[in-house]
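# Examining the three-dimensional arrangement
Here is how the chains run, residue by residue.
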Amino acid sequence: LTTQKINMFKKFNFSTLKNDLPAGLVVWLVALPLCLGIGQGSIPVPEMIDGSLQTIKDLEFMTPFSGIIAGIIGGIIVTIFSGSKFGVSGPAAGLMSIVLIAVPEIGFRGFLLAVVLSGVIQFLLGLFRLGIVGYFIPTSVIHGMLASIGITLILKQIPHALGVDNEPEGELAFQQVDGENTFSEILLSLDNVAIGALIIFLISMIILLVWELPIVKKNDKLKLFPVSLLVVVVGAVLNQLFGSVGGDFSDMTFLGSSHLVNLPDALSNGDYQNLIVTPDFSMEAFANKDIYIYAITIAIVASIETLLCLEATDKLDPDKNISPTNKELKAQGIGNFLSGLIGGLPVTMVIVRSSANINAYAKTKMSAFYHGVFLLGSVFIFPTLLELIPLSSLAAILVLIGFKLVKIKNIIKLFKTDWENGLVIVITIIAVLSTDLLSGVGIGFIIAMFFLLRKNYELAFISHTDEEKNKTVISFAQIVSFLNKGALMTILQNIPDGGSVKISAKKCHTMSKEIQEVIKDFRDINSKKKNISLDLIGFEKFFIEEN
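Below or above, wherever it landed, is the structure these notes cover. In this text, all values refer to a predicted model and were calculated from it rather than measured experimentally. (Residues numbered from 1 in each chain as written. Predicted model: local features only at pLDDT ≥ 70, side-chain atom pairs only at ≥ 80, totals over all residues. Heavy atoms only, no water.)

### Side note on helix α16 (residues 325-341)
For α16, spanning 17 residues, the distance from its first C-alpha to its last is 24 Å, which sits close to the expected 24 Å at 1.5 Å a residue. Inspection of α16 places Thr325, Asn326, Glu328, Leu329, Ala331, Gln332, Gly333, Gly335, Asn336, Ser339 and Gly340 among the buried residues, and these make up the whole buried set. Summarising the contacts, the buried residues of α16 are in contact with α4 (65-81), β1 (89-90), α6 (108-127), α15 (289-316) and β2 (348-349). Positive backbone phi, at 95°, marks glycine 343, one or two positions downstream of α16. (Helix = DSSP H or I, 4+ residues; strand = E, 2+ residues; numbered from the N terminus. Expected span 1.5 Å × (residues − 1). Buried < 20%, exposed > 50% of the residue type's maximum accessible area, 1.4 Å probe, protein only. Contact = heavy atoms within 4.5 Å.)

Encoded structure:
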């Protein structure tokens, strides 16, 4: 065996099978309904499509199976190349908004091409060791982005919660990021409520909320039980009970196939060659600039989510391992390349499954690999059982995920302690909901940079004036940039005639040429005109020549 193959075997330590296999089973039970839910939630309604006939036809290829494909790729392929011990990858709710915006515009097969290209971009980011870049995105902007995605997710699931899963009647230009159209869809749903779906949704929400209670979270056995699986099982059983009752009650509550998970027919009839949906590799697609824009957007958002999740997973790791960021970006790039190539949604590392993996006492990353194998087997062994799951059950799971993404308590708390970052979060949320994900994040980033530059403007130096003695002391911080030029000039101009000034640069190690010029002009011209006594300390390292 070559050294490379030996190293690959060392990565997968089968001696920990007794820990990793049960952990993989737990993660699979958590991941399966989430993959289905995210796959279902990423499908735009036909009224969202405002494109060519081919774009509308593309929508036929999009099923919840896209989420399963992403889960399989994340579990098996990404795990092989990942350097994280406990990280689990798969489809993420945080990317659903991008899917819902992109597919109506460029079609599903065009979107798959964007996913493939995003994988290439991610791999290059890791190859050129740019994994650290994600840490320079302001946390407040990330929180605002995730919160806006959470709100979008909640709004989109309300029609499914009410049982409006068929194509609505009439013309409805539904765009998830557009408040008016989203609420129009919700209002339409209120007029067409399916009682059975609403009952299942409410019971599902009750179960999920009970699992959030401290008494459950503190119970070592209950907290490991995959509540998402319980919700979909209860939903499926309730619907079967509604159908078995008979009479008017059954007619009123039983949910037909249009209200249930819809997987490709090929899973049931064995026509597996039709399961794969390939990207649009036509010259027309490669000439479409929108595909490249979405590819860059997916790469950036997926990379940031992955790096944040990687950091959070390492903090939860009982051994406190530090995972290599660049290696993870390359692994995610390979995963997205392959996922897009065979019809899957974008892949990121996800904290829900990663934390479940750690809490299930996994020992190596084989547990994540096993979960991917379980996902692969489940959709081929019992697909008909998966198609009994009501969409309203998945809606409950996604609504709770949406609320967790919003984190209202954290936003309120942040406003009390750091109102500037709180304001950035709120502005980012409003911007994303009013425009689109990329534009909204860009607006949030600009606002965050404004506050950062303002702090830099204020904290680059400290000045103190003793009016009785007509004496001013200015102390520079470690870095003084051109951004501080205006504030420094204002202070120097306000020093009265005949006064004295001491300017210290002992602690400063970086000073821009603009600041040096201001001080030199003050030393050579303004201080002499106003008869000001000037004492410069520590400026010799910046080559300000003495007269």
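### What about helix α7 (residues 139-161)?
Counted at 1.5 Å a residue, the expected span for α7 with its 23 residues is 33 Å, and the 32 Å between its end C-alpha atoms agrees. With its phi angle positive at about 90°, glycine 163 sits one or two positions after the end of α7.

### Looking at the side chain of serine 367
Mapping serine 367 onto the fold places it in helix α18 (residues 366-381). Setting aside residues up to four positions removed in sequence, serine 367 forms contacts with Asp20, Ala23, Gly24, Asn357 and Ala362.

### Quick word on the pattern of salt bridges
Under the criterion given, the structure shown has 2 salt bridges. Among the ionic pairs, lysine 289 bridges to aspartate 290, the shortest N-O distance being 3.6 Å. Judged by relative accessible area, which is 57%, lysine 289 ranks as exposed. Close ionic contact of arginine 523 with aspartate 524 constitutes a salt bridge, the shortest N to O distance being 2.7 Å. Residue classification places arginine 523 among the buried residues on the basis of a relative accessible area of 9%. By relative accessible area, which is 21% here, aspartate 524 ends up partly exposed. (Salt bridge = Lys/Arg side-chain N within 4 Å of Asp/Glu carboxyl O.)

### With respect to the packing of aromatic side chains
For the structure shown, the criterion picks out 8 aromatic pairs. Geometrically, the ring pair formed by phenylalanine 281 and phenylalanine 286 is stacked, given 6.3 Å between the ring centres and 20° between the ring planes. The partly exposed category is assigned to phenylalanine 281, whose relative accessible area is 43%. Where phenylalanine 461 meets phenylalanine 476, the ring centres are 6.0 Å apart and the plane angle is 55°; that geometry is what we call tilted. (Phe/Tyr/Trp six-rings, centres within 6.5 Å; stacked < 30°, edge-to-face > 60°.)

### A closer look at the sheet that holds strand β8 (residues 533-537)
Taken together, the 4 strands give an open sheet; going across it, the order is β3-β4-β6-β8, and neighbouring strands pair in mixed fashion. Here the strands that pair on one side only, and so sit at the sheet edges, are β3 (461-466) and β8. Each strand axis lies, on average, 10° off the axis of its neighbour in the sheet, ignoring direction. Both strand β4 (residues 471-476) and strand β6 (residues 500-504) contribute to a ladder of 5 bridges, which runs parallel. Bridge pairing in β6 places isoleucine 474 opposite isoleucine 503. (Pairing = 2+ DSSP bridges. Axes fitted to C-alpha atoms, helices over the stretch in contact; angles between N-to-C directions.)

### Details of unusual backbone geometry
Leaving glycine out, the prevailing phi sign among residues is negative, and the prevailing peptide bond configuration is trans. Backbone geometry places arginine 129, a non-glycine residue, at a positive phi of 55°. Summarising the element assignment, arginine 129 is placed in the loop between α6 and α7. The class for arginine 129 is exposed, based on a relative accessible area of 61%. Although it is not a glycine, asparagine 470 adopts a positive phi angle of roughly 55°.

### Some thoughts on a nonpolar patch on the surface
On the surface, a cluster of nonpolar side chains totalling about 590 Å² of accessible area is made up of Val120, Phe123, Leu124, Leu127, Phe128, Leu130 and Phe337. Here the element with the most residues in the nonpolar patch is α6; it accounts for 4 residues. Mapped onto the elements of the fold, valine 120 is located in helix α6. Relative accessible area serves as the criterion here: at 37%, valine 120 is assigned to the partly exposed category. (Patch = residues over 30% accessible without salt bridge, like charges linked within 9 Å, V, L, I, M, F, W, Y side chains within 5 Å. Areas by Shrake-Rupley, 256 points an atom, 1.4 Å probe, with all protein chains shown as cover.)

### A few points about the packing of α15 against helix α17 (residues 351-359)
The geometry of a pair of packed helices is captured by two quantities: the angle between their axes and the separation between those axes. Running from N to C, α15 and α17 cross one another at 15°; their axes reach a closest spacing of 10 Å. Taken together, α15 and α17 sit at an angle that is classed as roughly parallel. Where α15 crosses over α17, the handedness of that crossing is right-handed. When α15 is examined against α17, the residues Cys309, Ala312, Thr313 and Leu316 are found in contact with a partner set consisting of Ile351, Ser354, Ser355 and Ile358. Partitioning the contact of α15 with α17 into residue classes produces 5 nonpolar, 3 polar and no charged. (Parallel < 35°, antiparallel > 145°, perpendicular 65-115°, else oblique. Left-handed = near helix turned anticlockwise from the far one by under 90°. Nonpolar A, V, L, I, M, F, W, Y, C, P; charged D, E, K, R; others polar.)

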